[in-house]
Amino acid sequence: MLEAIIGLIAGMSSVFLAYYLAALGHAIVEKSGVLNLAIDGVFVLSVAVAYAQAVYTRNNLLISILTAMIVAAIFGMLLAFFVTKFPISHGATGLSMMFLGYGLASLVGLPARNIQGSIEGLEVGYTIDVHSPVWVIVYIAIILIGLGALFLINKTKIGAAIRAAGEDPAAAEALGVNVLMVRLFAGALGFALIGLGGAIFELSYVQVWSEGTGIGHGWLAFAVSLSAGRNPILLILSSSVFAGLVKYMTAIQAMYNIPQDLAKMLPFVAAILAMVIFMATPLRRRLAPPKSLGKIYFREEKERSEKYKKNCFVLDSSFFSEVDLS
Amino acid sequence: MEFPISMVIVRRVKPLPYWIVPILALVVGLVISMMILYVMSGGQTTPYDVLLSIYYGFTNLGLLAKTFALLVIVGIGLLVSFKGAIWNIGGEGQFYMGVLLAAWVALFTGFAFNELIGKTTMILMALLAGAFWALLAALPRAYLNIDEVPVTLMMNYIAYYIIDYIIMARWRERQYGYYRTETIPETTKFQLIEGTTLSIELLLLMITIFVLVWLMFKYTSLGLRIRVLSSNPNLLRSSGISVHLTILMALTISGMIIGMAGAAYLGSVSHNLSYPIEEKTPGYGYAGILVAWLSMLELIGVPIAAYIIGALHTAGINIQIAGAGGAAVVNVFIGSILLTYAVLITISEYKIRIIVKKR
């Protein structure tokens, strides 16, 4: 009995790690006040990038994971830059990045799959052996990462700046925090973690790729993060629940005789229920989202003086207003 | 050390005419997608190829007609909720719930014996199905203030899997063993207009919905309430109108309209449901978001936006035949145009200056 339970816990370590990292990254991004609806697209993209790079480098895991992280981080910095520098909707920007992520993922993955098909015996990924102690290391790593993230957010200067940018960016700016820089940092770090999660999801869990691999799992990470109130320690709990659901889908399905397609639905139903439970109970107040999450933060700037302009080359978009369009 | 390049954003004295940003976003977004396709295909898909298929998409009106009409309906549906600043991203799920119930009417109820009764019931049931699916997301939004974007999105996946299950476990056709349902009876197939992909019923449905929604926003208090919801919900509250109810109505009407598009899709385009639905979908629920956004939330802008997006949709599918990869191209189009649009919307009210310090 005990052995069976340990076997179950060991078996889900890779999915657990993937979800935890993606949800933690998402939490960090949102702590800085950037509403992250790009998560699913970037997750799917990093899945494809990790897979393609693993095919091209003949299963060099380190390079594959790093590439996925870098690509994701670039997306994160773009998102943070756009919503902080321009007075635009976080939701629209995030969603459009999601579509871009889906599209790019297919363009990245398809050629790599053709190459994998043409090489005999090339398999990508690394399976965590449940009989070796690697899975214990994974669990210890999750706890250490959680503690590290908690420390980063609550005890360090940069963490305080991230929280300030999420709660009240205008006040933070007045106190000398460079909100743009802080959000760029949080975006890069958070999305690198999402990318890492995507890469681990692909390389140690799915290990094959077809168009659409990973779609929807980014949203699950989103729900995992929301239902734990973006707290790095509570996230361990909620991501373990979802990891269990996803990993043991087939087993649950066989045990209770649930058809395959309905079983696939379960994590999404659970995700919506988690959000409802979170928002309908006192948890909502205890683990409140950052006050300025998703709000447009924009400092209107004054026209620079003529003297200042003389010392600069000014590239201006105002030619649209000069041309008489009517 | 100061960074030598900086960007300053200043408010305009007079905002730009509203149509500049969508057009600019389209052009810039297309240029970006062409570059992406060129680079990612290793130079195989040249901008020339892309332009050629876009030209094909814009000019092949017969092929475009069905996509256009369906996108107009879905776009209007999304517009109703977007006007109230309720971001319904679940068009795809509401659309397919409509398809599902319309298929049920056509295949398993007795209503198919008569053309008129059969088709009317299909559309009515699809309407109810879309409304119900939207209501499921609207209730938590209205009463618990749960962000509707992730909820409606996840409801899309739930809808996909429910339909997958029903196709495989209950409705699968037995004769040839394909992973799909039977074709709907001839009496429930919509009447195609000669030489096009458009059916008369779809055309009528589109015009009816357009007029009804126009009337709703022009003359009814509900239309006004939805518009006020986006700009000033407190005003609603202080004038004694239920904000909850307005949110419910906005999302439910939105789902209703999109559900009807589902019935029209089944009747005039697909005629059956094939497994797995998430791979077979043309993605009108998602493309509709782009239509509603590009219309600048003006009803009259919806057909224009639907024409453009419909053409790009056709073009994207055309390119994927040329080998650039799956429905990916459509997503690249949608993503880069939307992103450009989301960012460029700034310039309608602000000037952007890029300042490079002289050394």
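Residues numbered from 1 in each chain as written. Chains lettered and ligands numbered in written order. Predicted model: local features only at pLDDT ≥ 70, side-chain atom pairs only at ≥ 80, totals over all residues. Heavy atoms only, no water.

Talk me through the overall build of chain A; I want residue IDs and the actual numbers.
Assigned secondary structure in chain A consists of 16 helices and one strand. The C-alpha radius of gyration of chain A comes to 22 Å, within 12% of the 20 Å expected for a compact globule of 326 residues. Counting every position in chain A, which comprises 326 residues, the buried fraction comes to 55%. Once local pairs closer than 6 in sequence are excluded, the contacts in chain A between residues at least 24 apart make up 79%. Split by element, the accessible area of chain A, about 14,300 Å² in all, is 67% carbon and sulfur. (Helix = DSSP H or I, 4+ residues; strand = E, 2+ residues; numbered from the N terminus. Rg over C-alpha atoms; globule rule 2.2 N^0.38 Å. Buried < 20%, exposed > 50% of the residue type's maximum accessible area, 1.4 Å probe, protein only. Contact = heavy atoms within 4.5 Å. Areas by Shrake-Rupley, 256 points an atom, 1.4 Å probe, with all protein chains shown as cover.)

Kindly report on the overall build of chain B, identifying the contributing residues and their values.
Each helix and strand counted, chain B has 14 helices and two strands in total. Compactness check: chain B gives a C-alpha radius of gyration of 22 Å against a globular reference of 21 Å for 359 residues, within 12% of the reference. Projected onto its principal axes, the C-alpha coordinates of chain B cover approximately 80 × 60 × 35 Å. In chain B, of all internal contacts separated by at least 6 residues, the share reaching a separation of at least 24 is 79%. Summing over all exposed atoms, chain B offers an accessible surface of approximately 14,900 Å²; the carbon and sulfur share of this is 66%. Of the charged side chains in chain B, 22 are positive and 16 negative; the average position of the first set lies 14 Å away from that of the second. (Lys, Arg positive; Asp, Glu negative; His and termini not counted. Charge placed at Lys NZ, Arg CZ, Asp CG, Glu CD.)

Go over the packing of helix α4 (residues 91-108) of chain B against helix α12 (residues 284-294) of chain B, please, and point to the residues and values.
Residues and elements named next belong to chain B. Running from N to C, α4 and α12 cross one another at 130°; their axes reach a closest spacing of 7 Å. The angle between α4 and α12 falls in the class oblique. Judged by the twist between their axes, the crossing of α4 over α12 is right-handed. Across the interface between the two elements, G91, E92 and F95 from α4 touch Y284, G285 and Y286 from α12. A per-class count over the contact of α4 with α12 returns three nonpolar, two polar and one charged. (Axes fitted to C-alpha atoms, helices over the stretch in contact; angles between N-to-C directions. Parallel < 35°, antiparallel > 145°, perpendicular 65-115°, else oblique. Left-handed = near helix turned anticlockwise from the far one by under 90°. Nonpolar A, V, L, I, M, F, W, Y, C, P; charged D, E, K, R; others polar.)

Tell me what's going on with the packing of aromatic side chains, and back it up with residues and numbers.
A complete count under the given rule lists 27 aromatic pairs over all chains for this structure. Three or more aromatic residues joined by ring pairs make a cluster, and in this case those are F268 of chain A together with F95, Y96, Y157, Y160, Y161, Y265 and Y284 of chain B. Directly above the ring of F217 of chain B sits K83 of chain B, whose terminal nitrogen or CZ lies 5.1 Å from the centroid. (Phe/Tyr/Trp six-rings, centres within 6.5 Å; stacked < 30°, edge-to-face > 60°. Lys NZ or Arg CZ within 6 Å of the ring centre and 35° of its normal.)

So what's going on with the environment of A171 of chain A? Which residues, and what values?
Residues and elements named next belong to chain A. Relative to the helices and strands, A171 is located in helix α8 (residues 169-174). Since its relative accessible area comes to 34%, A171 is described here as partly exposed. Through-space distance from the C-alpha of A171 to that of L61 is 43 Å; in sequence the pair is 110 residues apart.

A description of the interface of chain A and chain B should follow, citing residues and the corresponding values.
Taken together, the 62 residues of chain A in the interface contact 63 residues of chain B. Summing the contributions of chain A and of chain B, the shared interface buries around 5,800 Å²; its carbon and sulfur component is 75%. Counting only elements with at least two residues in the side of chain A that touches chain B, the list comes to α4 (61-85), α5 (90-118), α10 (217-227), α13 (260-280), α15 (306-310), β1 (312-316) and α16 (319-322) of chain A. (Buried area = accessible area lost by both parts, 1.4 Å probe.)

Please provide a residue-by-residue account of the domain arrangement of chain B, values included.
Residue and element names in this part refer to chain B. Assigned domains within chain B: domain 1 (1-45 + 324-359) and domain 2 (59-322). A straight line from the C-alpha centre of domain 1 to that of domain 2 covers 29 Å. Of the roughly 1,400 Å² buried between domain 1 and domain 2 on both sides combined, carbon and sulfur atoms contribute 84%. Applying the counting rule to domain 1 against domain 2 returns zero salt bridges. At the boundary of domain 1 with domain 2, the tally comes to one residue pair in polar contact (both at pLDDT 80 or more). At the level of secondary structure, the elements contributing two or more residues to the side of domain 1 that touches domain 2 comprise α1 (20-40) and α14 (328-344). Top contributing element to the side of domain 1 that touches domain 2 by residue count: α14, with seven residues. Classifying every residue of the side of domain 1 that touches domain 2 by side-chain character gives 15 nonpolar, two polar and no charged. (Domains from an automatic or database assignment. Salt bridge = Lys/Arg side-chain N within 4 Å of Asp/Glu carboxyl O. Polar contact = N/O pair within 3.5 Å; in protein donor to acceptor, adjacent residues only side chain to side chain.)

Mind laying out the pattern of salt bridges, listing which residues take part and the relevant values?
Counting across every chain of the model gives seven salt bridges over all chains. Between R230 of chain A and E30 of chain A there is a salt bridge, and its shortest N-O distance comes to 2.9 Å. Residue R230 of chain A is located in the loop between α10 and α11 (232-247), and its partner E30 of chain A is located in helix α2 (residues 13-31); the two are separated by 200 residues in the primary sequence. When sorted by exposure, R230 of chain A lands in the same class as E30 of chain A, which is buried. Measuring nitrogen to oxygen at the nearest pair gives 3.0 Å for the salt bridge that ties K189 of chain B to E186 of chain B.

Tell me about helix α7 (residues 157-167) of chain A, residues and numbers included.
Residue and element names in this part refer to chain A. Listed as buried for α7 are G159, A161, I162, A165 and G166. Seen from one end, α7 has its buried residues packed into an arc of 160°, which puts them on one side. Here the buried face of α7 lies against α2, α6 (134-155), α8 and α9 (179-206). (Arc of directions from axis to C-beta.)

Give a detailed account of the side chain of S96 of chain A, specifying residues and quantitative values.
Considering the arrangement of structural elements, one finds S96 of chain A in helix α5. By relative accessible area, S96 of chain A is classed as buried at 0%. Once you skip the residues sitting within four places of it in the chain, S96 of chain A turns out to touch G335, L338 and L339 of chain B.

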